[in-house]
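Letter by letter, the chains look like this.
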Amino acid sequence: MGGCFSKPKPVEVKIEVVIPEKERSKEEMSPNGKASPLIYKVNGTARHYHLEEHPIASNPYHNPKDVVEASVCHVKDLENGQMREVDLGCGKALLIKESGEFYAMGHKCPHYGAPLVKGVLSKGRVRCPWHGACFNISTGDIEDFPGLDSLPRFQVKIEKEKVYIRASKQALQTQRRTKMMAKCISLSNYNLSSTNVLIIGAGAAGLVCAETLRQEGFSDRIVMCTMDRHLPYDRPKLSKSMDSHPEQIALRPKEFFRTYDIEVLTEMQVAAVDIKNKIAVFKDGFKMEYNKLLIATGNTPKALSCKGKEVENVFNIRTPEDANRVVKLATSKNVVIVGASFLGMEVAAYLAERAHSVSLVELEEVPFKKFFGERVGRAVMKMFENHRVKFYMQTEVSELREQENKLKEVVLKSGKVLRADVCVVGIGAVPATGFLKQSGINIDSKGFIVVNKMMQTNIPGVFAAGDTVMFPLALRNNKKVNVPHWQMAHMHGRIAALNMLAHGTEISTIPYLWTAMFGKSIRYAGHGEGFDDVVIQGDLDELKFVAFYTKSDEVVAVASMNYDPIVSKVAEVLAAGRTIRKRDVETGDMSWLTGKGS
């Protein structure tokens, strides 16, 4: 049995819980206002975890030498609703004024380092201009994703009309903060084949679920299992930064999982789930009992079905090893990419300057037509052609030819024969739910797991998250949709965890995604499935534009390139429950972004 950690021996129960002060005061108070123990049922037995009392220190900075205090501006320098990046000498902070109060926190998004001063401030939170993560200005806590860490929050004081910030030098340097978490030291009657929470899948949804459980004070056993060789990693980088090694894109270091007692079983595939007896059966015959289950297995890439599909050097990009191997084989060679999907286009962009030639084969007439629309698709296609990528549209592969068992040529149904040393397949994916067919869990005709707003399946105690689910999207009147994006997987994992703990939290988030090609990014928010028109502002030829996707009279999604932070602004409008009308965007008048329009 593969695994990142050796199995501990059974020992007597000793459970330590560390809960942030705000969570303790909010969640763990009984009606009479006195502290009450955290209660969680394990296999039908209620366990009580009493929380330690932690006196609130008057000075949160333990080492005075690590503290810097500086005057950063006059109180009248900022108006309400404004943000400013300020320098404290040994690092920068983000200063915010809202409703007459000043707040200070880290100035860079912990996800990829975006400058938050260029983001969007709205109703007590800042939204990242690049990828849409949201942070509470009072606490620094992350409230929407992507990313795992929160922001450090700094003390602000006003003296003689001047604004001072007091901050930890270390926090100014790191610009990130991991929320406090519970620990599970050990459990009574502990055995290797049972766990309280079993998470099948170790992507963003699975990891965020595990972290959220610990952040909320859950201190029983958590086991994650994955078919992968590695601990959870930043999967979007497989096609955007293909030569990255696993340790470079790891979401958390190995020590993190040890510290917070999150067990990860690698190279372990679940073959079946017995929901009646709450048992997961692994491919090697190992069985594990669980109390709560999260299924976050993601998708399985579609393979080519043509003649010669088994020849060497044909890849689906699924692991860091796949991506690394493609880069090595493609350098100064001929590459054929099948499918103008996000993965296919990002791989083409990454290899364009490294390979001798890059050819892209696609069944549609324009890349991204169904997602971004024909006009945006053609602008993107032109950008690729300017970087020597050759398109073969409205055709598909009929045969892969080999020489000495290695790929030599790709034959198209149009009759064209392409020289090819490497072929990358990006023609879509199907939900990895085949092992659940006889389980009794509700799965639709396409293989997606159907869940409610709390990420619960039809089986009590069984949750699902990520690319593999159909869930009600509030933005589209709770229509059941599949949103296979990185940000959404994070949120699914968080909602599932909260409802494992019976919080009754419903999902309410705006889908947000991005793609990166030739140093440029397209950002996108909303859910544009079924759009019937696209309103373009800006210049498509100059690749500086914003596209509004409408259905009937309503804007349902937005995309932009070189137009930040418009997508984050629109995401905030949609998150507030406001409707954007087609006429609002056709006029070019952006007053509706601040609520002043119609």
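Located above this text is the structure these notes cover.
Computed from a predicted model, the values in this text were never measured in an experiment.

**Some points on the pattern of salt bridges**
Two side chains with opposite charge may pair up if their charged atoms get near one another. Evaluation of the coordinates by the stated rule reveals 28 salt bridges. The closest approach of N and O atoms between Glu263 and Arg221, which form a salt bridge, is 2.7 Å. With Glu263 in strand E17 (residues 262-265) and Arg221 in the loop between helix H3 (204-215) and strand E16 (222-225), the pair connects residues that are 42 residues apart, well separated along the chain. The burial state of Glu263 is the same as that of Arg221; both residues are buried. Notably, a salt bridge pairs Arg235 with Asp228, separated by 3.6 Å at the nearest N-O pair. Take Arg235: its relative accessible area is 29%, and that puts it in the partly exposed class. Residues joined by salt bridges that share partners form a network here, namely Glu69, Lys157, Glu159 and Arg166.

**A short note on the packing of H3 against helix H10 (residues 486-500)**
Across the interface, H3 lies against H10 with an axial gap of 7 Å and an inter-helix angle of 40°. When the axes of H3 and H10 are compared, the pair comes out oblique. For H3 against H10, the interelement crossing comes out right-handed. Seen from H3, the contacting residues are Ala204, Ala205, Val208, Cys209, Thr212, Leu213 and Gln215; seen from H10, they are Trp486, Ala489, His490, Gly493, Arg494, Ala497, Leu498 and Met500.

**A few points about the sheet that holds strand E37 (residues 520-526)**
Strands sit in the order E36-E37-E40-E39-E38 across an open sheet of 5 strands; the sheet is antiparallel. For this open sheet the edge positions go to strand E36 (512-517) and strand E38 (533-539), each flanked by a neighbour on one side alone. Taken over all neighbouring pairs, the strand axes of this sheet differ in orientation by 15° on average, direction set aside. Sheet topology note: the E38/strand E39 (residues 544-551) ladder contains 7 bridges and is antiparallel. Each bridged residue has a counterpart across the sheet, and for Gln537 the counterpart in E39 is Val546.

Rules and cut-offs
Residues numbered from 1 in each chain as written. Predicted model: local features only at pLDDT ≥ 70, side-chain atom pairs only at ≥ 80, totals over all residues. Heavy atoms only, no water. Salt bridge = Lys/Arg side-chain N within 4 Å of Asp/Glu carboxyl O. Helix = DSSP H or I, 4+ residues; strand = E, 2+ residues; numbered from the N terminus. Buried < 20%, exposed > 50% of the residue type's maximum accessible area, 1.4 Å probe, protein only. Axes fitted to C-alpha atoms, helices over the stretch in contact; angles between N-to-C directions. Parallel < 35°, antiparallel > 145°, perpendicular 65-115°, else oblique. Left-handed = near helix turned anticlockwise from the far one by under 90°. Contact = heavy atoms within 4.5 Å. Pairing = 2+ DSSP bridges.

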